[in-house]
Amino acid sequence: MRKLKKMFVTVGVIASLTPFLAGCNSNYKEKRADELNTQITHVLKGELESQEAYDLLDFKLIGTDVAKTAFDYGVKFNGVASLSNGESAYASLNYSIPSTEFLKLEKRSSAKQVYNLLDKIVQQYKPVSYSITPVTNLVNINDAFVKNAPTPFKGYNIKDALVYNLAAPEFNDEDKTISFDVKTLMEVDKVKIKPGWGLCVGFSGPVCFGFGMPIAVHSNGTFTTIDKYVIKVDDKTYEAMKANPKAIYDACAEKINGKNNLEMKADRKLTSYVTYDEADLLDIEDIHSLNNDLSR
């Protein structure tokens, strides 16, 4: 597991520069993501037209998950979508890409470098699969599962998070259990204030450099987690959920919010650091803006 990166910020000085610098990068990345959304929507729409009874109306990217396999890279564009039947869904478009395409890309490569490659993948390669998981309400489902996701590291808080991918349910007819995976994209953070060297103001007024001014020591990083949910229901509910899988996620969300007595358990299966820092939009988007921006 890669170590969490640390940042040392002198309180009130360097921190004041952050919003301006972050804003420039965010605007550029948001523009590139919008362009990529258009391309993915076109490709994903073509995939659904030949396979599904409904069409894709729009797709909004949450982030791109990149994982090294035996010889190639698995590339998964994760996001939310609107469908012609009026439903909203979590969606992904999946590729298998030769490892040679990633030789010049590093974890902290710029947004320009990352999105240049992501554009190339969608433009020049054919997807190997896709997933569409309809839900009743994107905001409610996201907020519930994010609320229930534990921090992956002791002593670290979840600063921001989005459901990254929601798997279709698997049904066990023998014991009437239903299971599915929830993949969450999260930024974790731990802040410790300690004295250190920095700017200060002397008793007589002039600015000086000395020891004693508090320094905020940030340890943070962005990770993905996979939690496996398993619920057990009676025969009648089981058959109803088979006919309407969206009800499964609704029931789990209600359980998390204390509104029913569903028999449910969730186990953490995997925690991994993101492959490329600029490949996701966690620093720009939230589930409300993603949902509101979908064309319907």
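Rules of the game
- Residues numbered from 1 in each chain as written.
- Predicted model: local features only at pLDDT ≥ 70, side-chain atom pairs only at ≥ 80, totals over all residues.
- Heavy atoms only, no water.
- Helix = DSSP H or I, 4+ residues; strand = E, 2+ residues; numbered from the N terminus.
- Expected span 1.5 Å × (residues − 1).
- Buried < 20%, exposed > 50% of the residue type's maximum accessible area, 1.4 Å probe, protein only.
- Pairing = 2+ DSSP bridges.
- Salt bridge = Lys/Arg side-chain N within 4 Å of Asp/Glu carboxyl O.
- 1 Å grid on protein atoms, 1.4 Å probe; cavity = no way out; pocket = protein on both sides within 12 Å on 5 of 7 lines; lining within 4 Å.
- Points joined across faces, edges and corners; volume = space filled by probe spheres on them.
- Nonpolar A, V, L, I, M, F, W, Y, C, P; charged D, E, K, R; others polar.
- Polar contact = N/O pair within 3.5 Å; in protein donor to acceptor, adjacent residues only side chain to side chain.
- Contact = heavy atoms within 4.5 Å.

Peer 1: Residue-level account of helix α2 (residues 111-124), with values.
Peer 2: Spanning 14 residues, α2 covers 20 Å between terminal C-alpha atoms, matching the ideal 20 Å at 1.5 Å per step. Taken as a whole, α2 has its buried residues at Ala111, Val114, Tyr115, Leu117, Leu118, Asp119, Ile121 and Val122.

Peer 1: Account for the pairing of strand β4 (residues 88-98), naming residues and giving values.
Peer 2: With respect to burial, β4 is a largely interior element, nine of its 11 residues being buried. Bridge count between strand β3 (residues 72-83) and β4: 11 bridges; the pairing is antiparallel. The residue of β4 that forms the bridge with Gly79 is Ala91. Here β4 pairs with strand β5 (residues 129-135) via seven bridges, running antiparallel. Across the sheet, the residue bridging to Tyr90 is Thr133, located in β5.

Peer 1: Can you explain unusual backbone geometry? Please cite residues and give values.
Peer 2: Its identity as a non-glycine residue notwithstanding, Lys176 has a phi of 60°, on the positive side. Here Lys176 shows up in the loop between β7 (170-172) and β8 (177-201). Relative accessible area serves as the criterion here: at 18%, Lys176 is assigned to the buried category.

Peer 1: Describe the pattern of salt bridges, naming the residues involved and giving the relevant values.
Peer 2: With the rule as written, the count across this model stands at 17 salt bridges. A salt bridge links Asp283 to Lys29, with the shortest nitrogen-to-oxygen separation between them at 3.1 Å. Pair noted here: Asp283 is in the loop between β10 (263-273) and α6 (287-293) and Lys29 is in helix α1 (residues 18-49), with a separation of 254 residues, a long-range link. Classification of Lys29 as buried rests on a relative accessible area of 1%. In this structure, Lys269 and Asp181 form a salt bridge, with 3.2 Å as the shortest nitrogen-oxygen distance. Here Lys269 is found in strand β10, whereas its partner Asp181 is found in strand β8, with 88 residues between them in sequence. On the basis of relative accessible area, Lys269 is assigned to the partly exposed category, the value being 48%. A network of salt bridges, in which partner residues are shared, links Lys31, Arg32, Glu35 and Asp119.

Peer 1: Give me empty space enclosed by the protein: which residues, what numbers.
Peer 2: By the definition in use, this model includes one cavity of 30 Å³ or more. Roughly 60 Å³ of internal volume is contained in the largest cavity. What lines the largest cavity is simply Thr64, Asp65, Val66, Tyr164, Leu185, Thr224, Val274, Thr275, Tyr276, Ala279 and Asp280. Per-element tally for the lining of the largest cavity: the top contributor is strand β2 (residues 56-68), with three residues.

Peer 1: Describe the layout of surface pockets, and please don't skip the residues or the numbers.
Peer 2: Of the volumes computed, that of the second largest pocket is approximately 200 Å³. Counting residues per element, the ones that place at least two in the lining of the second largest pocket are β2, β3 and β8. Taken together, the residues of the lining of the second largest pocket sort by class into six nonpolar, two polar and five charged.

Peer 1: Provide a residue-level description of the side chain of Lys107, including the pertinent values.
Peer 2: Tracing the chain through its elements places Lys107 in the loop between β4 and α2. According to the relative accessible area criterion, Lys107 is buried, its value standing at 14%. Among the polar contacts made by the side chain of Lys107, one reaches the main-chain carbonyl oxygen of Val274 at a distance of 2.8 Å.

Peer 1: Which residues make up the side chain of Thr64, and what values do they have?
Peer 2: Mapped onto the secondary structure, Thr64 falls in strand β2. Aside from chain neighbours lying at most four places away, what touches Thr64 is Val75, Lys76, Phe77, Leu118, Tyr164 and Ala279.

Peer 1: Describe the environment of Asn220, with residues and values.
Peer 2: Relative to the assigned elements, Asn220 resides in strand β9 (residues 207-232). What makes Asn220 buried here is its relative accessible area of 5%. On a C-alpha basis, the gap between Asn220 and Val188 in space is 5.5 Å, while along the polypeptide they are 32 residues apart.

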